[in-house]
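Observations on the model geometry
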Amino acid sequence: MAEGRANGNGDQRRPVTDQRDERPEEWRMASPLRALAMDAVEEAKSGHPGMPMGMADVATVLFAKHLVFDASAPGWPDRDRFILSAGHGSMLLYALLHLSGYADMPISKLKNFRQLGGGAAGHPEYGDAAGIETTTGPLGQGLANGVGMALAEKMRRARHGERLVNHRTYVIAGDGCLMEGISQEAISLAGHLKLEKLIVLWDDNGISIDGSIDLTDSTDQLARFAASGWNTMSIDGHDYDAIDNALTEAKKSEKPTLIACRTLIGYGAPTKSGSAAAHGAPLGADEIAATRKALGWKSKPFSIPKDAANLWKETSARGASIRAVWQKRFERLSAKKQAEFISDPAAAKPAAGLSAAVKRRKQEISEEAAPVATRRASQQALETVLPFVPQLIGGSADLTGSNNTKTADLDPIHPADFSGRYIHYGIREHAMAAMMNGMALHGGVIPYGGTFLVFSDYARPAIRLSALMQLGVVYVMTHDSIGLGEDGPTHQPVEHLAALRAIPNLAVYRPADAIETLEAWELAINDRTRPSVLALSRQTLPLVRTEHTIRNLTERGAYVLKEADTEGSARPKAVLIATGSEVEIALAARELLQKEGVPTRVVSAPCLERFAEQDEKYRARVLPRGPVRVVVEAAVRDGWDRWLCGERGDFRKADFVGMSGFGASGPYKELYAQFGITAEAVAEKAKALAQGKEPAVA
């Protein structure tokens, strides 16, 4: 073993292993990873070459000797999952996929790294190419996704057996991933659950953008992970035998494993390796030329010698033979067993019998006409849908009894038994959301998880990624307004509906009663290309849909709940638009207005995103030109002006009843009166507008 010293920052110099003579085959495989990274970043004049160059040896051993995959069948359910949590080093992943033979990662994409439409984005994006298991870049998200994937693997193994489900999840994480708070949430739960098939390879290079890690952090990461129930090791990340031995030992562990790989960022770069200069900028032509010489790499940019290319092709061939054996086992299963083993919920058809069951339950709810909080109605909805959707896996961030996310027949998982369908996530909202993304990405699972709506702030980065990746994750967010009462403004969401509605490709449902809640659940389950938020009330609400309808009206996003009483063919003079718990207030306001001679229509708008997707003709029927409009929602106005002033509306004939600041602690009925969210206030504003008085400027 030959050793030298880095030529980077003095305080970052460390012994560096160079095994080109002792292990020429691995060296020959690692070299193109380094070359492609520095050449692509240089071509783009943007990117992060240092991490791919530093982790090339680790990635080479992982792909050549341990990772089980078949590039010709990238969706094989029992493949190992590989996540690049340190997504800024995306060229490492793209180079690995190209060299391993993934058909949709040709060299042309690498040449167009970071270019618009080039297919190799600055950070890995799920869906851009096979082999990109998740979207990473926001640090720590990939690590938590990996925990979710490992959990999904273990739950599906318990259900379907080891002959169908028996694979590992590998994550490459950087210092930034471990600094982010989500990492502690995720690793502590992974350790508690003993997710033994999860292996994290930490790029321990001691460098961040600002410089040496010791500027900001002195955590003993091995001790931290060990305290969280992990198996830990520390190795030289440039020693092929050490890497191989560590991975071999990790696969024997009964715990998840962290392997700290001491590496040199920008390995091979004569003047920039070991320093922040190699982290997030092109090396430059002169440094690249010197690096080629130092590495003994004589090929031109984006050119791979045949011997190196052939070595990489063998990595996928090993997995192909394993997949062929698995495929034969799968084909010997009965048609029923094969159907039960659904690996991709996104491609699954709506559950057989679900629609009929929902219709029957809606009829029963209409007949019962019982007041119920929508959080409780959600639990009742789950009792209806769960038998028809075995992939549906529930959970809560330590608020099970408040979120009503668990039904009587849902058994929780625990370290000794993963056959259940319910997960106690603990007080880990961010990790819960990111883990649910990982579970959905893994396949075979439709996850839902609960917390208070105000705590969506803790989960927001992962919710945003659910939407970006088009994952059908369901977020059950209860205690959705000042209606939660005495817990006060720290727990009362006012801006959260607007903040969530601002996320593209996220469906936010705020149902008004038990029927809309059940309809929202049916839609969320069947919508496999976007996540859903169900914002649910703590307080009891009356049934507002008193007449049974076979059609799922929530599917239209907004609909006429109560038409105006008019003479002849006259249109309404006022339209009241409301969501959730404020629909009953709008209905009461309508009665007051009708008595005052103002024909009033009430529109229930449980999902504005779905309403926006309807055709112009339908939207115009619901919100016609002419009548005054008043929205009532116990939240801020942001996001409502399209429906008040646009869509054939007029700002001079539009107003809003809701919140303009934080709430307060007290009984919820008193709070509604205190903040002016009452039928009288709504009626007064609508009447004033109908009389030609312009709304007051807020």
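One structure accompanies this document, and this report is about it. (Residues numbered from 1 in each chain as written. Predicted model: local features only at pLDDT ≥ 70, side-chain atom pairs only at ≥ 80, totals over all residues. Heavy atoms only, no water.)

The helix and strand inventory of the chain stands at 26 helices and 22 strands. Principal axes of the C-alpha set define a box for the chain whose edges measure 95 × 55 × 45 Å. Going through the 698 residues of the chain one by one, you find that 60% of them count as buried. Partitioning the contacts of the chain with sequence separation of at least 6, the portion at a separation of at least 24 is 78%. With an accessible surface of roughly 26,300 Å², the chain has 50% of that area assigned to carbon and sulfur atoms. Taking the average location of the 82 positive side-chain charges in the chain and that of its 85 negative ones, the two points are 5 Å from each other. (Helix = DSSP H or I, 4+ residues; strand = E, 2+ residues; numbered from the N terminus. Buried < 20%, exposed > 50% of the residue type's maximum accessible area, 1.4 Å probe, protein only. Contact = heavy atoms within 4.5 Å. Areas by Shrake-Rupley, 256 points an atom, 1.4 Å probe, with all protein chains shown as cover. Lys, Arg positive; Asp, Glu negative; His and termini not counted. Charge placed at Lys NZ, Arg CZ, Asp CG, Glu CD.)

Extensive coverage of strand β19 (residues 574–578) is indicated by the burial of five of its five residues. The alternating pattern of β19 places A574, L576 and A578 on one face and V575 and I577 on the opposite face, and all of these are buried. Examined bridge by bridge, β19 and strand β20 (residues 600–604) share five bridges and lie parallel to one another. Across the sheet, residue I577 finds its bridge partner in β20, namely V603. Chirality of the crossover, the property in question, places the unit of β19, helix α21 (residues 583–595) and β20 among those that are right-handed. Across five bridges, β19 lies against strand β21 (residues 628–632) in parallel orientation. Across the sheet, the residue bridging to L576 is V630, located in β21. (Pairing = 2+ DSSP bridges. Right-handed = clockwise from strand over helix to strand, strands pointing away.)

To continue, consider the side chain of H479. In this fold, H479 is placed in the loop between β14 (474–478) and α19 (496–501). At 2.9 Å, the side chain of H479 forms a polar contact with the side chain of T478. Other than its neighbours up to four places away in sequence, H479 contacts R375, S402, F452, L453, L484, H491, P493, L536, S537 and R538. (Polar contact = N/O pair within 3.5 Å; in protein donor to acceptor, adjacent residues only side chain to side chain.)

This next bit is on the sheet that holds strand β18 (residues 559–562). Hydrogen bonds along the backbone pair up the strands of a sheet, which may run parallel or antiparallel. In spatial order, the strands read β18-β20-β19-β21-β22; together these five strands make up an open sheet with mixed pairing. Lying at the two open borders of the sheet, with one neighbouring strand each, are β18 and β22 (654–657). The mean angle between the axes of side-by-side strands here comes to 30°, regardless of whether they run parallel or antiparallel. Across the sheet, α21 touches β18, β19, β20 and β21, and the angle it forms with β20 is around 175°. (Axes fitted to C-alpha atoms, helices over the stretch in contact; angles between N-to-C directions.)

What follows deals with helix α17 (residues 429–442). Along its 14 residues, α17 runs 20 Å from first to last C-alpha, staying within 8% of the 20 Å computed at 1.5 Å per residue. α17 sits mainly inside the fold: 14 of its 14 residues count as buried. One or two steps after α17, the chain reaches G443, where phi turns positive at roughly 100°. (Expected span 1.5 Å × (residues − 1).)

A separate point is the pattern of salt bridges. Two side chains of opposite charge can pair, provided their charged atoms sit close to one another. A complete count under the given rule lists 37 salt bridges for this structure. Between E26 and R23 there is a salt bridge, with the nearest N and O atoms lying 2.6 Å from each other. Classification of E26 by relative accessible area gives buried; the value is 11%. Assessed through its relative accessible area of 16%, R23 is described here as buried. Between R619 and E616 there is a salt bridge, with the nearest N and O atoms lying 2.9 Å from each other. Of this pair, R619 and E616 both sit in helix α23 (residues 616–622), separated by three residues, roughly a single helical turn. Assessed through its relative accessible area of 10%, R619 is described here as buried. By relative accessible area, E616 is classed as partly exposed at 44%. Sharing partners across several salt bridges, the network here consists of R23, E26, K65, D241 and D244. (Salt bridge = Lys/Arg side-chain N within 4 Å of Asp/Glu carboxyl O.)

Bringing helix α10 (residues 240–250) into the picture now. Those residues of α10 that fall on the buried side of the exposure criterion are Y240, I243, D244, A246, L247 and A250. Looking straight down α10, one finds that the buried residues subtend no more than 165° of arc, so they occupy a single side. Tucked inside the fold, the buried residues of α10 contact α1 (24–44), α3 (56–66), β4 (169–173), β5 (198–204), β8 (231–236) and β9 (257–262). (Arc of directions from axis to C-beta.)

Residues E383, D409, D411 and D417 make up a contiguous surface patch of negative charge. Within the secondary structure, D417 is located in the loop between α16 (400–403) and β12 (422–424). Taking relative accessible area as the criterion, D417 reaches 33% and is therefore assigned partly exposed. (Patch = residues over 30% accessible without salt bridge, like charges linked within 9 Å, V, L, I, M, F, W, Y side chains within 5 Å.)

Evaluated as defined, the whole model comprises 17 aromatic pairs. Ring centres of F63 and W312 lie 6.4 Å apart, and the angle between their planes is 65°; on these two criteria the pair is classed as edge-to-face. Taken together, the positions of F63 in helix α3 and W312 in helix α12 (residues 306–331) put the pair 249 residues apart, joining distant regions of the chain. Assessed through its relative accessible area of 2%, F63 is described here as buried. Overall, the relative accessible area of 0% leaves W312 in the buried class. Three or more aromatic residues joined by ring pairs form one cluster here, namely F63, F69, F82, Y102 and W312. (Phe/Tyr/Trp six-rings, centres within 6.5 Å; stacked < 30°, edge-to-face > 60°.)

All right, on to the packing of helix α14 (residues 354–368) against helix α15 (residues 374–385) then. Close contact between α14 and α15 brings their axes to 9 Å; oriented N to C, the two are set at 135°. Taken together, the axes of α14 and α15 are oblique relative to one another. Crossing of α14 over α15 shows right-handed handedness. The segment α14 lies against α15, with L354, A357, V358 and R361 engaging Q380, T384 and V385. (Parallel < 35°, antiparallel > 145°, perpendicular 65-115°, else oblique. Left-handed = near helix turned anticlockwise from the far one by under 90°.)

Bringing the sheet that holds strand β16 (residues 532–536) into the picture now. Strand order across the open sheet formed by six strands is β12-β11-β13-β14-β16-β15, with parallel pairing between neighbours. Strand pairing shows two members of the sheet lacking a second neighbour, β12 and β15 (507–509), which therefore form its edges. The mean angle between the axes of side-by-side strands here comes to 20°, regardless of whether they run parallel or antiparallel. Judged from the three bridges that link them, strand β11 (residues 392–396) and β12 form a sheet pairing that is parallel. Residue pairing in the sheet places G395 in a bridge with I423 of β12. Each of β13 (446–452) and β14 touches helix α18 (residues 456–468); the most contacted strand, β14, lies at about 160° to it.

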